[in-house]
Amino acid sequence: MTSAQVEKQHDGNEAEDSASGEGYHRALGARQIQMIAIGGAIGTGLFLGAGKAIAKAGPSLILAYAIAGLVIFFIMRALGELLMYRPVSGSFSEYAREFVGPFAGFVTGWTYWLFWVVTGITEVTAAAQYMSFWTHDSFPQWAYALIFTVILYAANLISVKLFGELEFWFSMVKVTAIVGMILICAGILTVGFSDAAATASVSNLWSDRGFFPHGIGNTLMTLQIVMFAFLAVELVGVTAGESKDPEKTLPKAINTVPWRIAVFYVGALIMILSVIPWSNFQPGVSPFVLAFEKMGLGVGAAIVNFVVLTAALSSCNSGMYSTGRMLRDLAQNGQGPKVFTKLTKSGTPLVGTTFSAALMLVGVWINYVAPGKAFDYVVSFATISGMWAWIMILVCQIRYRAKSDRGELATSPFRAPGAPWTSWFALLFIGMVIVMMGVDKDARVSLYCAPLWGLVLYVAYLVLKSRNPQGAAFAKR
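Here's what I pulled together on the structure shown here. Predicted model, so just to flag it, every value in this text is computed and none were measured.

**Section: the overall build of the protein chain**
Looking only at helices and strands, one finds 19 helices and zero strands in the protein chain. Per-residue burial over the protein chain gives 57% buried out of 477 residues. Nonlocal contacts in the protein chain, meaning residues at least 24 apart in sequence, comprise 81% of its contacts between residues at least 6 apart. Carbon and sulfur atoms form 68% of the exposed surface of the protein chain, whose accessible area is close to 19,100 Å².

Laid out in C-alpha cells, this is it:
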C-alpha cells in the first residue's frame, strides 16, 4: 500500500470516527447533501397546494413566496452558524437543550419527531392515492401504502448512503419537472407555440385587477400556505452527523437557498402566471396540471402525477430518516427510552426507525378505516410543529451569538449575516404567520392542537424528572 493510500484510509477512518461520538457513519457526500437541501424546499405544497394560494392572492403570491423565502434563508443561515459551531445529528433538539434548557430540548425533539410521523402518514397515504391515477382502483390503496412504507423502511435500515441516493433521485425528478415547466413557459412567451400562446403575456401579472386583485389582506392570509410549502428545508441540519465533510458541504448547501427559492418558487410562478392568467386557477387543482392542459399538452396530468408521487415518497423517506435520529438523540440524553439508542451494523437507528415506521402504518390504517375530523386535526398540527423547530433554531442562534460575542464559546466559522437582527426579524415574521393562522378558521385547529401536545409533553417530562431528579438530562447546562 502506497503512502497516499495509507493517508487516504486514515482520513476516511478519521472522518467516520469523528461523527461527534454518536456512532453514525459519515456516508452522505456533497452531491447527496445538495439534493437533500434542494428537495427539502420543494414539496407537494408547491405542486398541489399553490392552486388554492393563487386563487386567494393572485399574482401577489409571487411576492409572498419571495418574502417568506428571505425569512427561510435567515433561518437556514442561523442553523448553519449553529451547525458549524457543533455539527450533531440531534441538531435543533440538541441546540435547544444547550442554549434554552433541558425541557426545550425535550419538547423540540419529540415535536419534530411527531411532525415527521404525521407528515409520513399523510404522504404515504397520498402516494397510494396518486397510484390510482394509473390503476383506477384495480389495486387497493392500503396495499400501495404498505408497499411504499416497507420499501422506504428497508432502504433507511440498510444504510444512510442508500437513503441519500433515494433522496437524490426523488429530488432530481422534482427539479427536472420545475425546470422543464419554466423552459416550456419561456418558449411560449418568446416563440409563441402551444394553445396558450394567444393569451400568454407578462402583463398577466397585473392586467386583471392589478398585482393584488383581492387586496393585501388576502395575500397575508396565504403566508401560512407558503410557509407550509417550505417545511422540511431544515432537514439538512439533521444530516450533520452523517455528512462526509460537514464544514464544506453544509455551508454550500445552505448558501444555495436563495437561488433555489428564486428559481423553483418565484421563477416558476412568474412563468406560469405569465402564460396562464391567475383567474384560471382554482383550489384543489394543481397549477402544473392546469398549465399543461391550457398548453394543450395532454400528458401533463400524468407527468405531474408522477412528480407529486415522487414528492410524497421523498417526504416519507425524509420522515423515516429524521424520526429515527431524533428518537436516538432523545434517548442518548435520557429524554427517551434507552432502547432507541440501538444502531445496526451499518450505523442506522434500528429501533427508532422501526417504531416510527410502525406508527406510520397505524396512521394509514386509521385513515382508511375511520377517516374523520380527529385525523384532520392531527394532520393540521404538522404546520405549527414544523415551525416550532424554526423558532428554536432562531432562539438558539441568538443565544449562541451572544455567548460567542462575549468570548464564552468559540466563534462559528459560518456566521449568519446581519444576525441577531435577521433572526429577530424571522421570529417576528413567524409570529405574524401564527396570528394569521388564528384568524383563518380552516387553519385555527392547528393552534388548538399545540397546547394539548404541549401539556402531554409537560406531564411526560415531569414523570421522567421525578424518576431521575439528579439526571444530566434535566440539569441546566
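**Side note on the packing of helix 14 (residues 287-294) against helix 15 (residues 300-332)**
The interhelical angle for the contact between helix 14 and helix 15, taken along N-to-C directions, is 160 degrees, at an axis separation of 8 Å. Relative to helix 15, the element helix 14 is oriented roughly antiparallel. For helix 14 against helix 15, the interelement crossing comes out right-handed. For the pair helix 14 and helix 15, contact is made by Phe-288, Val-289 and Phe-292 and by Gly-300, Ala-301, Ile-303 and Val-304, respectively. Partitioned by chemical class, the residues of the contact of helix 14 with helix 15 number six nonpolar, one polar and no charged.

**So, the packing of helix 9 (residues 160-190) against helix 14**
At their nearest, the axes of helix 9 and helix 14 sit 12 Å apart, and the two run at 35 degrees to each other. Where helix 9 crosses over helix 14, the handedness of that crossing is left-handed. Each of Ile-178, Met-181 and Ile-184 in helix 9 lies in contact with helix 14, whose residues at this interface are Phe-288, Ala-291 and Phe-292. Taken together, the residues of the contact of helix 9 with helix 14 break down into six nonpolar, no polar and no charged.

**Re the pattern of salt bridges**
For the coordinates displayed, the defined rule picks out eight salt bridges. Taking the shortest distance from any N to any O, the salt bridge between Arg-406 and Glu-408 comes out at 2.8 Å.

**Observations regarding the packing of aromatic side chains**
Enumeration according to the criterion identifies 21 aromatic pairs in this entry. Ring geometry for Phe-340 and Phe-355: centres 5.5 Å apart, planes at 40 degrees, overall tilted. With Phe-340 in the loop between helix 15 and helix 16 (350-369) and Phe-355 in helix 16, the pair connects residues that are 15 residues apart, well separated along the chain. With a relative accessible area of 7%, Phe-340 lands in the buried category. One aromatic cluster is present, formed by Phe-92, Tyr-112, Phe-115 and Trp-116 through successive ring pairs. Seen from the ring of Phe-414, Arg-77 lies directly overhead, with NZ or CZ sitting 3.9 Å from the centre.

**What about a nonpolar patch on the surface?**
Together, Phe-103, Leu-455, Tyr-458, Val-459, Leu-462 and Val-463 give the surface a local cluster of nonpolar side chains, amounting to about 510 Å² of exposed area. Of the residues forming the nonpolar patch, the biggest block, five residues, is contributed by helix 19 (residues 444-467). Tracing the backbone through its elements, the reader meets Phe-103 in helix 7 (residues 102-135). Given a relative accessible area of 30%, Phe-103 falls into the partly exposed group.

**Re unusual backbone geometry**
Negative phi characterises most residues that are not glycine, and trans characterises most peptide bonds. Note that the residue after Ala-419, namely Pro-420, is joined by a cis bond; omega there is 5 degrees. Note that Pro-420 resides in the loop between helix 17 (373-405) and helix 18 (421-439).

**Observations regarding the nonpolar core**
Soluble globular proteins tend to bury their nonpolar side chains together. Ranked by internal contacts, the top residues of the largest apolar core, which has 142 residues, are Tyr-65, Ile-72 and Trp-390. No other element matches helix 7, which puts 18 residues into this core. With sequence-adjacent residues up to four places away left out, Tyr-65 is seen in contact with Gly-45, Ala-50, Val-226, Ala-229, Phe-230, Ile-261, Tyr-265, Val-266 and Leu-269.

**Side note on the environment of Ala-55**
Structurally, the position occupied by Ala-55 is in helix 4 (residues 50-57). Note: C-alpha distance between Ala-55 and His-214 (159 residues apart in sequence) is 9.3 Å. Setting aside anything within four residues of it in sequence, one finds Ala-55 in contact with His-214, Trp-278, Phe-281, Gln-282 and Pro-283.

**Some words on the environment of Ser-201**
Tracing the backbone shows Ser-201 in the loop between helix 9 and helix 10 (215-221). With a relative accessible area of 27%, Ser-201 lands in the partly exposed category. Setting aside residues no more than four positions away along its own chain, Ser-201 makes contact with Leu-189 and Ser-274.

The rules we used
As a convention, each chain's residues are numbered from 1 in the sequence order in which they are written. In keeping with the model being predicted, local features are shown solely for residues with a pLDDT of at least 70 and side-chain atom pairs are shown and tallied solely at 80 or more, while totals for entire chains, interfaces and linings include all residues. With hydrogens and water excluded, all non-hydrogen atoms of the structure serve as input to the side-chain values. Helical segments are the DSSP runs of H or I of at least four residues, strand segments are the runs of E of at least two, and each set is numbered from the N terminus. Burial classification: accessible surface area is computed with a 1.4 Å probe over protein chains only, and a residue below 20% of its type maximum counts as buried, one above 50% as exposed, and the rest as partly exposed. Only heavy atoms enter the contact rule, under which two residues are in contact if any of them lie within 4.5 Å. Only the protein chains shown count as cover for residues, and all accessible areas are computed by the Shrake-Rupley method using a 1.4 Å probe. Here the axes come from fitting lines to C-alpha atoms, over the contacting stretch only for helices, and the angles between their N-to-C directions go from 0 to 180 degrees. Throughout this description, any angle smaller than 35 degrees is read as roughly parallel, any larger than 145 degrees as roughly antiparallel, any in the 65 to 115 degree range as roughly perpendicular, and the remainder as oblique. In this scheme the handedness of a crossing depends on how the near helix is turned from the far one: anticlockwise by less than a right angle means left-handed, clockwise means right-handed. Only Asp, Glu, Lys and Arg are considered charged, only Ala, Val, Leu, Ile, Met, Phe, Trp, Tyr, Cys and Pro nonpolar, and every remaining residue, Gly among them, polar. Salt bridges are defined by distance alone: a side-chain nitrogen of Lys or Arg within 4 Å of a carboxyl oxygen of Asp or Glu. Two aromatic rings, drawn from Phe, Tyr or Trp (for Trp, its six-membered ring), form a pair once their centres lie within 6.5 Å of each other, and the interplanar angle then sorts them: stacked below 30 degrees, edge-to-face above 60, tilted otherwise. In this scheme, Lys NZ or Arg CZ marks a charge over a ring once it lies within 6 Å of the ring centre and within 35 degrees of the ring normal. Patches were defined on residues exceeding 30% relative accessible area and lacking a salt bridge, with like-charge contacts within 9 Å and nonpolar side-chain contacts (Val, Leu, Ile, Met, Phe, Trp, Tyr) within 5 Å. For the purposes of this section, nonpolar cores are sets of buried Ala, Val, Leu, Ile, Met, Phe, Trp, Tyr and Cys residues that join through side-chain atoms within 4.5 Å.

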